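# Working through the structure, step by step
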Amino acid sequence: MSDETTQKAQIGVTGLAVMGRNLARNIARHGYVTAVHNRTDAKTKALVEEFGHEGTFVPGYTAQEFVDSLESPRTIVIMVKAGAPTDAVIDELAPLLSEGDILVDGGNAHFLDTRRREAALREKGIHFAGVGVSGGEEGALLGPSIMPGGSEHAYAKLGPILADIAVSVDGTPCSTHVGPDGAGHFVKMVHNGIEYADMQLIAEAYDLLRHGLGRTPKQLAEVFTSWNSGDLESFLIEITARVLEKDDPTQEGVALVDVILDEAEQKGTGRWTVQTALDLGTPVSGIAEAVFARALSGHAEQRGAAQGVLPGPGAGAEGTGGFVAEADADAFVDDVRAALYASKVVAYAQGFDMIRAGSLEYGWGVDPGAMATIWRGGCIIRAKFLDRIKDAYAKNPELPSLLLDPYFADAVTRGQEAWRRVVVHSVTAGIPAPGFASALAYYDGLRRERSSAALVQGLRDLFGAHTYKRTDREGSFHVQWSSDGTEVRS
Ligand SMILES: NC(=O)C1=CN([C@@H]2O[C@H](COP(=O)(O)OP(=O)(O)OC[C@H]3O[C@@H](n4cnc5c(N)ncnc54)[C@H](OP(=O)(O)O)[C@@H]3O)[C@@H](O)[C@H]2O)C=CC1
Ligand SMILES: O=C(CO)[C@H](O)[C@H](O)COP(=O)(O)O
């Protein structure tokens, strides 16, 4: 039922593209009178016409009409393109709002934009909450995972609504207060970074099996389906099988994956994660490899120019299936599964490290276990093993790295021989697997008692007198390289 006359709306949504429209429907389906608005009227009209029967919608065709249709204090969710469009919507709405109103940005905003907007709107007495929403079109309708940031005051009103519309796992809603100002969007950004890493690892596993074994996409769909009932059980593995088994709808007998252009696009959240990680000094190498792999895939001209010029490793090159003997095929599939799981654990460990680093830097007090809890359902990276991550932080909230939790330490250690064989195979066969290789390098870097950084420090001291610390004495030291070679305390 839609109501265009007297009833005041309890909450409004502006921006009715795929996400906003479905979020508004989800909210209305939960019994909230929902005001709806979009820059172009057609989307507002279409929503009310097509889905008006699902709840009580109050359409607004101007910003003023939309704002006036809401009960005070108002709660408005903005669901538009991140960046300048979000600022444009805020600039249009803010003068029409009153002190105490709550403005929510549910888009994929950069957390620094959210901090800026929150501070500016706070001056006007408006509560601004940056809220991460994950789950895509379907999740927005049926129950996303929600990462709300913003003040406690805003959350007191917003929290119950978000808990209603979020998906629940084991009776717990996948929504919890992440922290003040940009905390929600920061965590959503890292979520997306992990999403990039996870997809890159899955794509590498596919590539190795496809070109190392010469399996067809349909055969590999079966492999991924079987993996989806073990440790790897997750939404991304499930949909990998769906994509691989799909035929090109326009040609019989051709796999869809074989006609999709092999240039991965990106809207920016993965890149932001890596840029931010560089500033925080957090080595999210899995996410970085995923962003760079997408970038390389997009350099079509360079890739085209390299064809026939840069040779691979010789006979049995990719596509021939010549690198793994058929007798070893099952073992190779098991190895790739183990390598995928170990690399995935590393990617999540790095993501959780970054959340901790961001939380410390900005004083947010983010609880990593609570993030694992709300990622168990609704979002793109939902996976069985998030239960394990939740348990790991419940046992030890100060866990220095997820890899040091006994369960994960054991899982990665058990998989390491297979992991190493797969990385060796990728190098030998000339099938790039930067995600697997960098995850393994991170694991080895973490576990080694002494790192090669000692030499780096020595070099820095020699060419720039940058000094070094010693293992056996406190203080900073410098060798007088260009004079008598003695060491001085600096
Ligand atoms: N798609 C997804 O799977 C996910 C998206 N998100 C985020 O949610 C938000 C919405 O995403 P999605 O639904 O895909 O839509 P888009 O990101 O494609 O944004 C389209 C919406 O933005 C509006 N818009 C664009 N520019 C302006 C402007 N200058 N002023 C006012 N409105 C403007 C459009 O209005 P109009 O119709 O008039 O053009 C339309 O309502 C984005 O921030 C996105 O990053 C988050 C999770 C998942
Ligand atoms: O936010 C999301 C899920 O939570 C989107 O799926 C994500 O924005 C997709 O990113 P990209 O287009 O960069 O791959």
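Further up the page is the structure itself.
First things first, this report covers the structure right here in the doc. (Residues numbered from 1 in each chain as written. Chains lettered and ligands numbered in written order. Predicted model: local features only at pLDDT ≥ 70, side-chain atom pairs only at ≥ 80, totals over all residues. Heavy atoms only, no water.)

Of regular secondary structure, the protein chain possesses 19 helices and 12 strands. Taken against the 2.2 N^0.38 rule, which gives 23 Å for 490 residues, the C-alpha radius of gyration of the protein chain at 26 Å falls within 12% of a compact globule. With the C-alpha coordinates aligned to their principal axes, the bounding extent of the protein chain is approximately 80 × 70 × 45 Å. Sorting the 490 residues of the protein chain into buried and exposed places 51% on the buried side. Long-range pairs, those at least 24 residues apart, make up 67% of the contacts in the protein chain with a sequence separation of at least 6. By element, 53% of the accessible surface of the protein chain is carried by carbon and sulfur atoms, the whole surface being about 22,700 Å². (Helix = DSSP H or I, 4+ residues; strand = E, 2+ residues; numbered from the N terminus. Rg over C-alpha atoms; globule rule 2.2 N^0.38 Å. Buried < 20%, exposed > 50% of the residue type's maximum accessible area, 1.4 Å probe, protein only. Contact = heavy atoms within 4.5 Å. Areas by Shrake-Rupley, 256 points an atom, 1.4 Å probe, with all protein chains shown as cover.)

The next subject is the site of ligand 2. Neighbouring residues of ligand 2: Asn108, Ser134, Lys188, His191, Asn192, Glu195, Tyr196, Gln266, Lys267, Gly268, Arg294 and Ile380. At five residues, helix α8 (residues 183–213) tops the list of elements feeding residues into the shell around ligand 2. Counted by class, the shell around ligand 2 contains two nonpolar, six polar and four charged residues. (Near = heavy atom within 4 Å. Nonpolar A, V, L, I, M, F, W, Y, C, P; charged D, E, K, R; others polar.)

With antiparallel pairing, three strands are arranged side by side in an open sheet as β10-β11-β12. The outermost strands of the open sheet, each flanked by one partner alone, are β10 (468–469) and β12 (487–489). Pairing of strand β11 (residues 476–479) with β12, which is carried by three bridges, proceeds in the antiparallel orientation. Opposite Phe477, over in β12, you have Arg489 as the bridge partner. (Pairing = 2+ DSSP bridges.)

So, about the site of ligand 1. Near ligand 1 you find 20 residues, and of these Met19, Asn38, Thr40, Lys43 and Val80 are the closest. The backbone of Leu16 places a nitrogen or oxygen atom 3.4 Å from an oxygen atom of ligand 1. Interatomic distance of 2.9 Å between a backbone N/O atom of Met19 and an oxygen atom of ligand 1. Look at ligand 1: alone it shows 880 Å² of surface, and the protein chains cover 78% of it. Residue composition of the shell around ligand 1, by class: 10 nonpolar, six polar and four charged. (Polar contact = N/O pair within 3.5 Å; in protein donor to acceptor, adjacent residues only side chain to side chain.)

Here we take up the pattern of salt bridges. The tally for this structure, following the rule as stated, stands at 27 salt bridges. With its nearest N and O atoms 3.6 Å apart, the salt bridge here joins Glu137 to Arg21. With Glu137 in helix α6 (residues 136–142) and Arg21 in helix α1 (residues 18–29), this pair connects stretches of sequence that are 116 residues apart. Accessibility expressed as a relative area gives 23% for Arg21, which makes it partly exposed. Look at the salt bridges and you will find they share partners, linking Asp87, Asp105, Asp113, Arg116 and Arg117 into a network. (Salt bridge = Lys/Arg side-chain N within 4 Å of Asp/Glu carboxyl O.)

Here the focus is the environment of Phe66. Structurally, the position occupied by Phe66 is in helix α3 (residues 63–68). Residue classification places Phe66 among the buried residues on the basis of a relative accessible area of 0%. Here the alpha-carbon distance between Phe66 and Tyr443, two residues 377 residues apart in the chain, equals 53 Å. For Phe66, the residues in contact, after removing those within four places along its chain, are Gly12, Val13, Thr14, Ala35, Val36, His37, Gly60, Ile76 and Leu93.

The strand order β3-β2-β1-β4-β5-β6-β7 describes an open sheet built from seven strands, whose pairing is mixed. Each of the sheet's edge strands pairs with one partner strand only, and the pair in question is β3 (57–59) and β7 (145–148). This sheet shows a mean twist of 25° between the axes of neighbouring strands, independent of strand direction. In the packing of α8 onto the sheet, the strands contacted are β5 (102–105), β6 (127–134) and β7, and the crossing angle to β6 comes to about 20°. (Axes fitted to C-alpha atoms, helices over the stretch in contact; angles between N-to-C directions.)

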